Structure formats: C-alpha cells, structure tokens
Amino acid sequence: MNVSRPLFDAHLHIVDTRFPLVANGGYLPPEFTAEQYRRRVADLGVVGGAVVSGSFQAFDQGYLLDALELLGPGFVGVTQIPHDTPDARIAELAAKGVRAVRFNLRRGGSEGAEHLEALARRVHAVAGMHTELYVDARDLGRIADTVAALPAVSVDHLGLHADGLPDLLRLVERGVRVKATGFGRVDLDPVAAMRAVLEVDPSALMAGTDLPSTRARRPFEDTDLDLVARAAGEHLDAVLHDNAAAFYRVGSPGERPSRPL
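I will try to describe carefully the structure that is included in this document. Note that the structure is predicted; figures quoted are calculated from it, not measured. (Residues numbered from 1 in each chain as written. Predicted model: local features only at pLDDT ≥ 70, side-chain atom pairs only at ≥ 80, totals over all residues. Heavy atoms only, no water.)

**Side note on the overall build of the protein chain**
Line of reasoning, step 1. Of the regular secondary structure elements, the protein chain holds nine helices and eight strands.
Line of reasoning, step 2. Radius of gyration (C-alpha) of the protein chain: 17 Å, near the 18 Å computed for a compact globule of 261 residues.
Line of reasoning, step 3. Considering the protein chain as a whole, with its 261 residues, one finds that 56% of them fall into the buried category.
Line of reasoning, step 4. Summarising the internal contacts of the protein chain: among those between residues at least 6 apart in sequence, 75% fall at separations of at least 24.
Line of reasoning, step 5. Taking the average location of the 28 positive side-chain charges in the protein chain and that of its 35 negative ones, the two points are 1 Å from each other. (Helix = DSSP H or I, 4+ residues; strand = E, 2+ residues; numbered from the N terminus. Rg over C-alpha atoms; globule rule 2.2 N^0.38 Å. Buried < 20%, exposed > 50% of the residue type's maximum accessible area, 1.4 Å probe, protein only. Contact = heavy atoms within 4.5 Å. Lys, Arg positive; Asp, Glu negative; His and termini not counted. Charge placed at Lys NZ, Arg CZ, Asp CG, Glu CD.)

Here it is, written out as structure tokens:
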C-alpha cells in the first residue's frame, strides 16, 4: 500500500501497567505503551486513531486519558463505563477526547447487553458519543432491532464470523458502521467481507490495526493494509481515513492530514 495515504487507525489498544489491569479469563496482556505504538506504526502513515478500552481495563479511564494526552491531537478514546455513570462524568470524558462507549459482549469487562439501549441513548444525548460493539455477528440477530434503532453504532473486527455476515450487512443497511480490523482473529475472508460492506454502504467501513492484537491468533501485519487496499479500490481514502475521522468527529469535514504520527 502507498503509505503516503493518511491512516486514521480506527482501533488500537494501549496497555500501560502504571494503571489497573484486570485479568479476564485468566489473561493479562503484555505492556504496549503509547511510545511502543508510535514506534510500531511509524511507517504506516498514521495521523490519528481511536484508543479502545479492552476487557482487561474494565471501567478504568486513567490509562485512556493518559494515552490520549501522550498521543496528542488526532487521537480519541473509546471507553467502558457503568450504566449509572453520572451525566457530568460522561460530559467530562467527552471534553477530554472520549468519543464512544464500548460494549464488550464477547469477553466482558464492560456493561452488559441489558443496559445497551439506555446507556447508548444517554451518552449520545449528553455528549454525542456513539456506541461500539465487540460481538460475534452470529449473535447480532437477537439484538438487531435494538442496535439498528440506536443513534450511532459500530461493530468491531468485521463481526468476526462469516456465518454472521448477513445479519451484519442488514445492520449496515440501517446505518451501522463496521471496523476492518483484527484480521488475525476473524473466521471469514476479510477481503470478501470488506467488499460486501462497501457494496451496501461505502461510508460504513473503517480500517485500523487492532494493535497490539491481544489474544489474536496472529497479530496485525503491515500487509493487512494491502488487503484493505485490495478490497476498497476507489474507496481507499475513505476507508483508511475519511470514514473514521468523520465518525469520531476528528478534524473538519473533508480534511485529510498529510503529516503522519
């Protein structure tokens, strides 16, 4: 891929052992600091991104706010919060660069699905935050109507499984966004899945690294971006940068920074 194209990394994790970590299913990830991330993506044209809270970070925002400060302009946060978080705290997080709340329906560490609708609507009303779902797309059918009715939603890692792709695509038709991330953890052909999403809505697909690829069968490789390019074709700039920058409300509409991280 031509690395002169700017990349908004729509999904990355920072793991900093200065902050609390919670073992999830006995798993604790190795450290992956903001500086390690900078070094890893130095040749990828990254101009910003979304730092996403993992199951092992539970409801801690300390690490996230610190990471956003270290990474600087262009980076925003995706956090996990309890359903009874006060509106004032939601507004405070938004003011510090948090753009979304994550529901980790696959591994836990977040609020449960029973609070999805109420919390998603509240964070959007209070601070314009959207909702992100880490979910096996085979499980989307039972919550599809709830998800489709929410103000703004994205689904991680292409929905993970080919058998759930039809349900995912039906949600894309209803405005849901999809992250082209985590190719080393999915059970599907990523190029075919990306093309299917783009056929429904070219503005729905957002690329990212998923670094450091915790618990994936294989970690992110630079050549994963070549798969994105193969699938995206004429939509490549949108998939690499514009779609996510707009969804995460970073920069001005149509603005495409040329200076990498």
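**Describing the nonpolar core**
Line of reasoning, step 1. Core analysis: the largest hydrophobic core is formed by 77 residues, its most contacted members being Y37, M129, L158, M194 and L205.
Line of reasoning, step 2. In this structure, L158 is in contact with L168, V178, K179, A180, F183, L188, P190, A193, M194 and L205, ignoring residues within four places of it in sequence.
Line of reasoning, step 3. Counting 11 residues, the second-largest nonpolar core is a separate cluster that includes A10, A50, V78 and M206. (Core = buried A, V, L, I, M, F, W, Y, C linked by side-chain atoms within 4.5 Å.)

**Some points on the packing of helix α6 (residues 165–172) against helix α7 (residues 190–200)**
Line of reasoning, step 1. Closest axis-to-axis distance for the α6/α7 pair is 9 Å, and the angle between their directions is 30°. The angle between α6 and α7 places the two elements in the roughly parallel class. Considering how the two elements wind past one another, α6 and α7 form a crossing that is right-handed. Contacts between α6 and α7 pair L165, L169 and V172 from the former with A193, A196, V197 and V200 from the latter.
Line of reasoning, step 2. Along the lines of polarity and charge, the residues of the contact of α6 with α7 split into seven nonpolar, no polar and no charged. (Axes fitted to C-alpha atoms, helices over the stretch in contact; angles between N-to-C directions. Parallel < 35°, antiparallel > 145°, perpendicular 65-115°, else oblique. Left-handed = near helix turned anticlockwise from the far one by under 90°. Nonpolar A, V, L, I, M, F, W, Y, C, P; charged D, E, K, R; others polar.)

**Overview of the pairing of strand β4 (residues 98–104)**
Line of reasoning, step 1. The buried fraction of β4 is high, at seven of seven residues.
Line of reasoning, step 2. Pairing geometry for strand β3 (residues 75–79) and β4, over three bridges, is parallel. When the sheet's bridge partners are listed, V78 is paired in β4 with A100.
Line of reasoning, step 3. Traced from β3 through helix α3 (residues 87–95) to β4, the parallel crossover comes out right-handed.
Line of reasoning, step 4. As defined by bridge partners, β4 adjoins strand β5 (residues 130–134) across five bridges and the pair is classed as parallel. Bridge pairing links F103 to L133 in β5. (Pairing = 2+ DSSP bridges. Right-handed = clockwise from strand over helix to strand, strands pointing away.)

**A few points about the sheet that holds β4**
Line of reasoning, step 1. Spatially, eight strands are ordered β1-β2-β3-β4-β5-β6-β7-β8 in an open sheet, and the strand pairing comes out parallel. Two strands bound the open sheet, and with one partner strand each, they are β1 (7–12) and β8 (205–207). Taken pair by pair, the neighbouring strands of this sheet meet at an average axis angle of 25°, ignoring direction.

**A few points about the pattern of salt bridges**
Line of reasoning, step 1. Using the criterion set out here, one finds 19 salt bridges in the structure.
Line of reasoning, step 2. One salt bridge connects D167 with R170, and the closest N-O pair in it is separated by 2.5 Å. Of the two residues, D167 and R170 are both situated in helix α6; the distance of three residues between them amounts to about one turn of the helix.
Line of reasoning, step 3. Under the relative-accessibility criterion, D167 is labelled partly exposed at 23%.
Line of reasoning, step 4. One salt bridge in this structure joins E221 and R218, with 4.0 Å as the shortest N-O distance.
Line of reasoning, step 5. Through salt bridges with shared partners, one network takes in R102, E132, D156 and K179. (Salt bridge = Lys/Arg side-chain N within 4 Å of Asp/Glu carboxyl O.)

**Focus: the packing of helix α8 (residues 224–232) against helix α9 (residues 236–247)**
Line of reasoning, step 1. Two elements in contact, α8 and α9, have axes whose closest approach is 7 Å; the angle formed by their N-to-C orientations is 120°. Looking at the two axes, α8 sits oblique to α9. Here L225, V228, A229 and A232 of α8 lie close against α9, whose contacting residues are L236, V239 and L240.
Line of reasoning, step 2. The class makeup of the residues in the contact of α8 with α9 is seven nonpolar, no polar and no charged.

**Structural notes on helix α2 (residues 62–71)**
Line of reasoning, step 1. Among the residues of α2, Y63, L64, L65, A67, L68 and L71 are the ones counted as buried.
Line of reasoning, step 2. The elements touched by buried residues of α2 are α1 (34–40), β2 (46–52), β3, α3 and β4.
Line of reasoning, step 3. G72, located one to two residues past α2, shows a positive phi value of around 85°.

**Let's talk about α8**
Line of reasoning, step 1. Of all the residues in α8, the buried ones are D224, L225, L227, V228, A231 and A232. The buried residues of α8 occupy an angular sector of 150° when projected down its axis, which confines them to one face.
Line of reasoning, step 2. The secondary structure elements touched by the buried residues of α8 are β1, α7, β8 and α9.
Line of reasoning, step 3. The positive-phi residue at the C-terminal boundary of α8 is G233, with phi of around 55°. (Arc of directions from axis to C-beta.)

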